Amino acid sequence: MKLSELCKEINLPQDVTERVLDEEKQMKAQNKNTVPTDLTSQLLRVCETHTKYLNKGIDEKIFTDTMKCFTRFIKECKDRTGKAEFDRGWWTHRQINMVLFRIGELEYELTQFQGGNAVSVHIPSDAEFTPEKVDESLKQAEEFMAEFYPDYKDVEYFCESWLLSPRLGEIVKETSNIAKFQKRFRILEDLPDDKEYMEWLFGAKADTPVQELPENTSLQRKVRELLANGGNLGAAVGIMEKMR
């Protein structure tokens, strides 16, 4: 796959695409003054990863959905800072090295947990989080593992996320998508001091004053109230007990 094809496939913003392709052009011209950005370097590796997907027989849609993480991360950065920059190079080696896949609405990472093979479940910011969509994703993930990674067939699925926080369970309605997602898991560890939710819920830094946090949604308003009263949302680690 050519870099230009990849940029189009993952819907990379036009201005970012132009920067990336210009860097590639300078590299091919062996311009010694050209030092490719982390984004360009990683996308060139993604083009190589595409060949590995083809050789393994993995569906093109899974490749595209997985690698759209680059586009999503750039959008998230722009939403937070106003600048369309790539700041997740420390994370995307997982996608490049084919240990994390976007299958339907969720992402699945091949990893280790409690001494054995396990699948870590991640919830992308653009996921449609209904029980039906989650069910469909989990079903597809099980089939994917059985076909392409049999060492991860029938292993534990676990999740570490603010979406599993016990305090969040006290805030949202039982009929909410979040509450229904939580019910799939048995909590193994509460992480009351964790503050990653500040980024994912508010698009803010962990030390942002409460009064500066947005309150555009009912969930934001409720968590703001929790923080204003001296609490913290935190996170939790859970093992999935109800796959579907």
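Please refer to the structure higher up on the page.
Bear in mind the structure is a predicted one, so any value in this text is a computation, not a measurement. (Residues numbered from 1 in each chain as written. Predicted model: local features only at pLDDT ≥ 70, side-chain atom pairs only at ≥ 80, totals over all residues. Heavy atoms only, no water.)

Focus on the packing of aromatic side chains
Okay, so step 1: Evaluated as defined, the whole model comprises twelve aromatic pairs.
Okay, so step 2: Arranged with centres 5.0 Å apart and planes meeting at 75°, the rings of Tyr 53 and Phe 63 form a pair that is edge-to-face. Highlighted residues: Tyr 53 in helix 3 (residues 38-56) and Phe 63 in helix 4 (residues 60-67), separated in sequence by ten residues.
Okay, so step 3: Accessibility expressed as a relative area gives 1% for Tyr 53, which makes it buried.
Okay, so step 4: Ring-pair connections join several aromatic residues into one group, and the members of that group are Tyr 53, Phe 63, Phe 101, Phe 144, Phe 148 and Tyr 149.
Okay, so step 5: Just above the ring of Phe 73 sits the side chain of Arg 88; from NZ or CZ to the centre is 5.0 Å. (Phe/Tyr/Trp six-rings, centres within 6.5 Å; stacked < 30°, edge-to-face > 60°. Helix = DSSP H or I, 4+ residues; strand = E, 2+ residues; numbered from the N terminus. Buried < 20%, exposed > 50% of the residue type's maximum accessible area, 1.4 Å probe, protein only. Lys NZ or Arg CZ within 6 Å of the ring centre and 35° of its normal.)

A word on the layout of surface pockets
Okay, so step 1: Roughly 1,000 Å³ of volume is contained in the largest pocket.
Okay, so step 2: Lining the largest pocket are 34 residues, with Ile 123, Ser 161, Trp 162, Glu 196 and Trp 200 positioned closest to its centre.
Okay, so step 3: When residues in the lining of the largest pocket are grouped by element, the largest group, five residues, is from strand 2 (residues 106-113).
Okay, so step 4: Looking at the lining of the largest pocket residue by residue, the classes come out as 17 nonpolar, seven polar and ten charged.
Okay, so step 5: Empty space within the second largest pocket amounts to approximately 350 Å³. (1 Å grid on protein atoms, 1.4 Å probe; cavity = no way out; pocket = protein on both sides within 12 Å on 5 of 7 lines; lining within 4 Å. Points joined across faces, edges and corners; volume = space filled by probe spheres on them. Nonpolar A, V, L, I, M, F, W, Y, C, P; charged D, E, K, R; others polar.)

Focus on the sheet that holds strand 1 (residues 100-103)
Okay, so step 1: Across the sheet, six strands lie side by side as 1-2-3-4-6-5; this open sheet has mixed pairing. Because the sheet does not close on itself, it has two edges, and the strands there are strand 1 and strand 5 (185-191). Across the sheet, the mean angle from the axis of one strand to that of its neighbour is 30°, orientation sign disregarded.
Okay, so step 2: Where strand 2 meets strand 3 (residues 116-122), seven bridges bridge the pair, whose relative direction is antiparallel. When the sheet's bridge partners are listed, Tyr 108 is paired in strand 3 with Val 121. (Pairing = 2+ DSSP bridges. Axes fitted to C-alpha atoms, helices over the stretch in contact; angles between N-to-C directions.)

Focus: the nonpolar core
Okay, so step 1: In this structure, Phe 70, Phe 101, Tyr 108 and Tyr 157 are the most contacted members of the largest nonpolar core, which totals 70 residues.
Okay, so step 2: It is helix 7 (residues 131-148) that contributes the most residues to this core, six residues altogether. (Core = buried A, V, L, I, M, F, W, Y, C linked by side-chain atoms within 4.5 Å.)

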